[in-house]
Amino acid sequence: MRTGWLIAVLVLMLSGSPANAGGGWPTPEAPVDFLRVIKSKRILEAWRNDIKIRTYRVSLGGNPFGHKQKEGDGRTPEGTYTLDYRKTDSVAYKAMHVSYPNEEDRKRARELGVKPGGSIMIHGQWDGFGPFAWLLQNYDWTNGCIGLSNEDLDDLWDIVAWNTRIEILP
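Residues numbered from 1 in each chain as written. Predicted model: local features only at pLDDT ≥ 70, side-chain atom pairs only at ≥ 80, totals over all residues. Heavy atoms only, no water.

J.: I would appreciate a short explanation of the overall build of the protein chain in the present structure.
T.: The helix and strand inventory of the protein chain stands at 4 helices and 8 strands. When the helices and strands of the protein chain are read in sequence order from the N terminus, they spell out α-β-β-β-β-β-α-β-α-β-α-β. When contacts within the protein chain are restricted to residue pairs at least 6 apart in sequence, long-range pairs at least 24 apart make up 66% of them. Accessible surface computed for the protein chain: about 8700 Å², of which carbon and sulfur atoms make up 56%. (Helix = DSSP H or I, 4+ residues; strand = E, 2+ residues; numbered from the N terminus. Contact = heavy atoms within 4.5 Å. Areas by Shrake-Rupley, 256 points an atom, 1.4 Å probe, with all protein chains shown as cover.)

J.: Would you mind showing me how to read the sheet that holds strand 7 (residues 146-147) here?
T.: The strand order across the open sheet formed by 8 strands is 3-2-1-8-4-5-6-7, and the pairing between neighbours is mixed. Looking along the sheet, the strands with just one partner apiece sit at the ends: strand 3 (51-57) and strand 7. As paired elements, strand 1 (residues 34-38) and strand 8 (residues 165-169) share 5 bridges and run parallel to each other. Paired with arginine 36 across the bridge in strand 8 is glutamate 167. (Pairing = 2+ DSSP bridges.)

So this is what it looks like as structure tokens:
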């Protein structure tokens, strides 16, 4: 029961008001074309002009294998989405929202009779835990999000434009 409350509080804190959505999200000089997360390798790649320009180590949800099925399953979704808003006021250092669930995800959840979940983010360390990134990045510690060190998130933040495509692969 305590875990359920903790998850609910974290989701509410992460889902606060979208900051810098749409036109308010400044476009970098040379934004990346798309991001690719390879869950099995625990990496996030940034691509520009068919060239991989960055690779970051990521942490995933506590139950990372397979596509997210329902709210609270601890899985990181798989599929193609976009980054549709970003936040500086959450339980994590900074966050960029992944557009999960899409229509296919919502349809699957309806068929299963469950809620698909949401608030999937690429985010930094939980507030106050940044100095421990060297340790946390060795574990799947998120609730289904894609976790980066704060330093890596700052780097990514500066090269990603609003509505950038993100592919999340098994």
